[in-house]
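Coordinate analysis (summary)
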Protein chains: 2
Amino acid sequence: MTGIMDQARDYFVGLQSGIVQALESLDGQAFALDQWERPEGGGGISRVIEEGALFERGGCNFSHVMGDRLPPSASAHRPELAGRRWEAMGVSLVLHPRNPYVPTVHMNVRLFMTFTSSQQDRDVDGWCGGGMDLTPYYGFEDDARHFHLQCKNALDPFGKQWHPRFKRWCDEYFFLKHRQEARGVGGIFFDDLSEPSLEEAFALTRSVGDSFLDAYVPIVEKRRSTAYGERERDFQAYRRGRYVEFNLVFDRGTLFGLQSQGRTESILMSMPPIVKWRYNWRPEPDSPEASLYELIKPKDWV
Amino acid sequence: MTGIMDQARDYFVGLQSGIVQALESLDGQAFALDQWERPEGGGGISRVIEEGALFERGGCNFSHVMGDRLPPSASAHRPELAGRRWEAMGVSLVLHPRNPYVPTVHMNVRLFMTFTSSQQDRDVDGWCGGGMDLTPYYGFEDDARHFHLQCKNALDPFGKQWHPRFKRWCDEYFFLKHRQEARGVGGIFFDDLSEPSLEEAFALTRSVGDSFLDAYVPIVEKRRSTAYGERERDFQAYRRGRYVEFNLVFDRGTLFGLQSQGRTESILMSMPPIVKWRYNWRPEPDSPEASLYELIKPKDWV
């Protein structure tokens with residue numbers, strides 16, 4: 001069973017490097033590379049871009065961290081595992097483009113393992129999680145459809161049941177309860193997946209990671225030259241506030257990272273570069289800004 | 001015992017109105033007034049300023065909310081009260097000045113009551129909480145000393161034991177664990193106070209509310225005309241990110257509000273108007289920005 005961790009490490013490191021290479025050639029600017037170690041065990045490779053031509057801020061991080069006692073935020077759904085030795089490994093990506101017509105995107109694939117004792121590595125519980133979701137500012141139905149279709153294509157080879165389930169899970173997970181608002185147009189989200197076997201769950205997870213560029217890059221290419229002005233930048237900065245609210249109040253990955261003495265700067269690479277808050281603001285009826293609030297209402301896209 | 005709620009309401013509404021009047025005359029711009037009702041019970045009066053000459057964004061809110069079952073975030077320290085009927089009332093204030101030489105400030109005073117049954121209003125558990133704390137960007141030792149001295153003066157008439165205790169509590173509460181950094185230069189913080197009697201605890205709480213203007217206004221007057229440029233505004237926007245991180249990840253009041261279907265826009269008036277995040281940024285050694293990190297290390301100010 002330990003073989004899966006070595007396999008996973010090779011896969012995740014390769015995925016990060018392939019994605020970063022593709023994004024660098026899209027942007028024209030290189031991602032900085034930061035290798036770090038975690039005093040409590042493990043470490044990671046953070047690849048970060050700031051002030052790029054295309055990406056105002058973003059990152060694609062690999063991390064492999066471990067601990068002697070599983071923290072509560074990781075085991076809410078598996079209380080019987082609390083306190084176990086654990087390892088978590090994965091790639092996590094958030095990109096905040098400068099052009100408000102290019103959507104923000106998030107992708108994450110991860111493998112989580114718990115061990116009953118350091119001597120009994122064969123006696124493990126492991127599961128996979130991940131997904132990707134799209135957060136437009138000035139959005140397009142075509143883009144949402146394309147993104148959802150790619151998500152479906154990634155999952156269908158593993159069974160037709162997964163896409164509807166993970167699509168709905170995404171709509172539920174990325175919902176800002178205090179705003180009664182979706183974070184964006186959604187995508188897919190899954191966690192605690194070890195069916196039908198951990199190996200097959202990990203194959204599905206890899207398929208999600210491998211689909212990311214096909215899901216996102218065509219949208220970038222289609223929208224990156226759309227002209228925009230101060231009005232669009234202002235609305236983008238305002239809407240990015242929702243992204244901050246979601247990640248800091250609700251996101252399990254962020255809270256787990258901050259609780260488990262994760263590397264703060266790598267976890268918070270998801271924060272947008274410039275954000276605005278305004279009191280009780282509403283878009284004008286029938287404005288392009290108002291249409292976003294319609295677009296992000298959860299619906300069947302494929 | 002119900003008399004205390006009516007008394008408290010009069011006090012809190014008067015405090016809000018007095019503070020807003022003083023701040024309006026400092027700024028020159030009126031605070032907007034928003035009266036709201038909460039579908040689950042209660043409501044409030046939000047007073048908000050945006051794009052003022054002095055205050056870029058800020059608010060001073062009164063709220064009086066109630067519910068049939070106490071949510072978990074309110075009773076972490078009093079698990080025996082979970083599920084009880086409750087009422088909470090208070091004034092909460094956050095001001096984000098435009099000039100980076102004028103510190104951000106937060107003040108809150110509140111009264112919390114729980115009832116074992118709607119028929120037995122005499123059988124209640126109640127407590128007070130509150131405090132105030134100062135968050136400079138380009139800070140001054142004199143200002144920190146003045147602020148702490150006013151906090152001490154507010155508490156000393158009720159016993160010399162309170163100020164050291166509430167000062168330390170503030171340092172502990174407004175600490176960003178994931179950054180290993182204090183939010184600012186501190187002040188005082190207290191909660192769950194019903195000693196030696198609820199009446200006396202509420203008198204102490206009123207004294208804190210009544211001291212706010214004396215603690216903050218002299219600092220504003222001293223610093224509001226200091227010249228600043230893009231560099232100072234940029235550092236202010238960056239440091240405001242810490243304020244967002246604290247309030248959304250750690251602040252009990254914010255989490256309680258969002259969990260108890262509070263009024264989101266009133267709760268999040270604490271969010272700064274413009275915020276920036278940057279990867280792994282550190283101030284240059286011996287720069288004015290670096291000196292802030294020394295100033296905010298918890299220390300005895302009075």
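Here, every reference points to the structure presented above.
To keep things clear, this report deals only with the structure shown in the data block. (Residues numbered from 1 in each chain as written. Chains lettered and ligands numbered in written order. Predicted model: local features only at pLDDT ≥ 70, side-chain atom pairs only at ≥ 80, totals over all residues. Heavy atoms only, no water.)

Remarks on the pairing of strand 5 (residues 104-115) of chain A
All names here are of chain A. Note the cut-off: Throughout, exposure labels follow a simple rule: accessible area from a 1.4 Å probe, protein chains only, divided by the maximum for the residue type, with under 20% read as buried, over 50% as exposed, and the rest as partly exposed. Here a helix means four or more residues in a row that DSSP labels H or I, a strand means two or more in a row labelled E, and each is numbered from the N terminus. Paired strands, as defined in this entry, are two strands with at least two bridges between them according to DSSP.
Counting buried positions along strand 5 gives eleven out of twelve residues, so the element sits mostly inside the fold. Both strand 4 (residues 85-97) and strand 5 contribute to a ladder of eleven bridges, which runs antiparallel. Within strand 5, the position partnered with Leu95 by the bridge is Val105. Here strand 4 folds back onto strand 5 in antiparallel fashion, the turn holding six residues. As paired strands, strand 5 and strand 6 (residues 124-135) are joined by twelve bridges and run antiparallel to one another. Its bridge partner lying in strand 6, Phe112 is registered against Trp127.

Observations concerning the sheet that holds strand 6 of chain A
All names here are of chain A. In plain terms, the rule: In this analysis an axis means a line fitted to C-alpha atoms, helices contributing only their contacting stretch, and an angle means the value between N-to-C directions, from 0 to 180 degrees.
In space, the seven strands of this open sheet follow the order 1-2-3-4-5-6-9, with antiparallel pairing throughout. Among the strands making up the open sheet, the edge pair consists of strand 1 (32-37) and strand 9 (186-193). Ignoring which end each strand starts from, the neighbouring axes of this sheet average 5° apart.

Quick notes on the sheet that holds strand 3 (residues 55-67) of chain B
All names here are of chain B. For the record, the criterion: In this analysis, two residues are considered to be in contact whenever any of their non-hydrogen atoms come within 4.5 Å of each other.
Sheet architecture is open: seven strands sit in the order 1-2-3-4-5-6-9, paired in antiparallel fashion. Pairing within the sheet leaves two strands with one partner each, and these edge strands are strand 1 (32-37) and strand 9 (186-193). Strand-to-strand twist of the sheet, defined as the mean angle between neighbouring strand axes without regard to direction, takes the value 5°. On top of the sheet, helix 5 (residues 230-249) reaches strand 3, strand 4 (85-97), strand 5 (104-115) and strand 6 (124-135); it is set at about 165° to strand 4, its chief contact.

Brief notes about the packing of aromatic side chains
All names here are of chain A. Our working rule: In this analysis, rings of Phe, Tyr and Trp, with Trp reduced to its six-membered ring, are considered paired at centre separations within 6.5 Å, and the interplanar angle assigns stacked below 30 degrees, edge-to-face beyond 60, and tilted for intermediate values.
Tallied over the full model, the rule gives 46 aromatic pairs over all chains. Aromatic pair Tyr173 and Phe189: ring centres 4.0 Å apart, planes at 10°, arrangement stacked. Of this pair, Tyr173 sits in helix 3 (residues 162-173) while Phe189 sits in strand 9, placing them 16 residues apart in sequence. Judged by centre distance (5.8 Å) and plane angle (90°), the rings of Phe174 and Phe189 are edge-to-face. One end of the pair, Phe174, is in the loop between helix 3 and strand 7 (175-176); the other, Phe189, is in strand 9, and 15 residues separate them in sequence.

Section: the packing of helix 2 (residues 141-155) of chain A against helix 4 (residues 198-223) of chain A
All names here are of chain A. As a reminder of what qualifies: Our angle categories are set so that under 35 degrees counts as roughly parallel, over 145 as roughly antiparallel, 65 to 115 as roughly perpendicular, and the remainder as oblique. Each crossing gets its handedness from the near helix: less than a right angle anticlockwise from the far helix is left-handed, clockwise is right-handed. Three categories are distinguished: nonpolar for Ala, Val, Leu, Ile, Met, Phe, Trp, Tyr, Cys and Pro, charged for Asp, Glu, Lys and Arg, and polar for the others, with Gly belonging to the last.
The N-to-C vectors of helix 2 and helix 4 enclose an angle of 160°; their axes lie 8 Å apart at closest approach. Accordingly, the angle class assigned to the pair helix 2 and helix 4 is roughly antiparallel. Taken as a pair, helix 2 and helix 4 cross one another with a handedness that is right-handed. Residues Asp142, Asp143, His146, Phe147, Gln150, Ala154 and Leu155 of helix 2 touch helix 4, and the partners they reach there are Leu204, Ser207, Val208, Ser211, Asp214, Ala215, Pro218, Ile219, Lys222 and Arg223. For the contact of helix 2 with helix 4, the per-class residue count stands at eight nonpolar, four polar and five charged.

Section: the environment of Pro288 of chain A
All names here are of chain A. You can see Pro288 is positioned in helix 8 (residues 288-295). Sequence separation between Pro288 and Pro71 is 217 residues, and the spatial gap between their C-alpha atoms is 44 Å. Filtering out sequence-adjacent residues up to four positions away, Pro288 remains in contact with Tyr138 and Arg231.

Topic: the packing of helix 1 (residues 3-27) of chain B against helix 4 (residues 198-223) of chain B
To describe two helices that pack against each other, one gives the angle between their axes and the distance between the axes. Residue and element names in this part refer to chain B. Helix 4 packs onto helix 1 with a crossing angle of 0° between their chain directions and a minimal axis gap of 11 Å. In terms of their interaxial angle, helix 1 and helix 4 are classed as roughly parallel. Contacts between helix 1 and helix 4 pair Ile4, Gln7, Ala8, Tyr11, Phe12, Leu15, Gly18, Ile19, Ala22, Leu23 and Leu26 from the former with Leu198, Phe202, Arg206, Gly209, Asp210, Phe212, Leu213, Val217, Val220 and Glu221 from the latter. Of the residues in the contact of helix 1 with helix 4, the class split is 15 nonpolar, three polar and three charged.

Here's the deal with unusual backbone geometry
Residue and element names in this part refer to chain A. Following Glu195, the chain continues to Pro196 via a peptide bond in cis, the omega torsion being -15°. One non-glycine residue with positive phi stands out, namely Asn280, at about 50°. Mapped onto the elements, Asn280 comes out in the loop between strand 10 (274-276) and helix 8. Classification of Asn280 as partly exposed rests on a relative accessible area of 25%.

Considerations on the interface of chain B and chain A
The following threshold applies: Once two parts are joined, some of their accessible surface, as seen by a 1.4 Å probe, is lost; buried area is that loss totalled over both.
Counting residues at the interface gives 28 residues for chain B, matched by 28 residues for chain A. Taking both sides of the interface into account, the surface hidden between chain B and chain A amounts to around 2700 Å²; carbon and sulfur atoms contribute 59%. If you sort the residues of chain B by the area they bury against chain A, Glu265, Trp277 and Tyr279 of chain B come out on top, with a joint share of 31%. At the level of secondary structure, the elements contributing two or more residues to the side of chain B that touches chain A comprise strand 2 (42-50), helix 5, helix 7 (264-267) and strand 10 (274-276) of chain B.

Observations concerning helix 3 of chain A
The condition that has to hold: In this analysis, the expected span of each helix is defined as 1.5 Å times one less than the number of residues it contains.
Along its twelve residues, helix 3 of chain A runs 16 Å from first to last C-alpha, staying within 8% of the 16 Å computed at 1.5 Å per residue. Among the residues of helix 3 of chain A, Trp162, His163, Phe166, Lys167, Cys170, Asp171 and Tyr173 of chain A are the ones counted as buried.

So, the pattern of salt bridges
Note on pairing: side chains with opposite charge can pair once their charged atoms come close. Residue and element names in this part refer to chain B. To keep things clear, this is the line we draw: A side-chain nitrogen of Lys or Arg and a carboxyl oxygen of Asp or Glu constitute a salt bridge if their distance falls within 4 Å.
Under the defined criterion, the tally for this structure stands at 48 salt bridges over all chains. Asp143 is the partner of Arg223 in a salt bridge, and the nearest nitrogen-oxygen pair spans 2.9 Å. With Arg223 in helix 4 and Asp143 in helix 2 (residues 141-155), this residue pair connects regions lying 80 residues apart in the sequence. Assigned by exposure class, Arg223 and Asp143 land together as buried.

Distances and angles like these do not, on their own, reveal function.
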